[in-house]
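Chain by chain, the residues run as shown.
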Amino acid sequence: MSDHLTRDESVSRIAKIIADIKFALLTTASPAGALHARPMTTQQTEFDGDLWFIGNKNSGTVADIRQNPQVNASYADTGKGTYVSVSGRAELVEDRAKLETLWSDFYKAYFDGGIDDPAVQLIRIDSQEAEFWESNGKVRSLFQMARAAVTGKTATDMGTNETVKL
């Protein structure tokens, strides 16, 4: 755990960062060990250490999770200079009440049968570790990098980087 923030503070900070990021890259490992990162829609639910996604039972993502549940979800908001990497174990969940909570009309584009489509698959990530980066603002970070390039000295005060065990 970070020396700077408590677990609860880190979870709160991560929740704040990912709340406004529409898509995550969910990385899975194929049975042969190849890593695959696929865009997944961030669910509008409070991050408490679990991440939720809606996938397709017939997709490569779900097939990979069946073979190896260890995954990583990555988030980036380059405009704000914030980044999050969450590692954990994925679980394929059948829970109609949770699906109804997470479902939106957005998914009709992917599932002909809507919420009742038999291919709809809930994916829950039990987060085990997360790391996040926050810059102190794009202009300030660029200034720090430029100053380092000119002076040959390492940039200082480039923002926050924390790792937390969940």
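Quick look at the structure, then.

What counts, and where the lines are drawn
Residues numbered from 1 in each chain as written. Predicted model: local features only at pLDDT ≥ 70, side-chain atom pairs only at ≥ 80, totals over all residues. Heavy atoms only, no water. Phe/Tyr/Trp six-rings, centres within 6.5 Å; stacked < 30°, edge-to-face > 60°. Buried < 20%, exposed > 50% of the residue type's maximum accessible area, 1.4 Å probe, protein only. Lys NZ or Arg CZ within 6 Å of the ring centre and 35° of its normal. Helix = DSSP H or I, 4+ residues; strand = E, 2+ residues; numbered from the N terminus. Pairing = 2+ DSSP bridges.

### Quick look at the packing of aromatic side chains
What the rule picks out here adds up to four aromatic pairs. Aromatic side chains W103 and Y107 sit 5.3 Å apart centroid to centroid with 35° between the ring planes, which places their arrangement in the tilted category. Note on F106 and Y107: the rings are 5.3 Å apart at their centroids and 80° apart in plane angle, and the pair reads as edge-to-face. F106 sits in the partly exposed class, given a relative accessible area of 30%. In this structure an aromatic cluster arises from ring pairing among W103, F106, Y107, Y110 and F111. The cationic tip of K22 hangs over the ring face of F106; the distance from NZ or CZ to the ring centre is 5.2 Å.

### With respect to the pairing of strand β1 (residues 23-29)
Where a strand is regular, its side chains alternate between the two sheet faces. Most of β1 is tucked away, with five of its seven residues classed as buried. Here β1 pairs with strand β2 (residues 35-41) via seven bridges, running antiparallel. Paired with A29 across the strands is L35, a residue of β2. Relative to strand β4 (residues 70-77), β1 runs antiparallel, the two sharing three bridges. Across the sheet, the residue bridging to T27 is N72, located in β4.

Keep in mind these values describe shape, not function.
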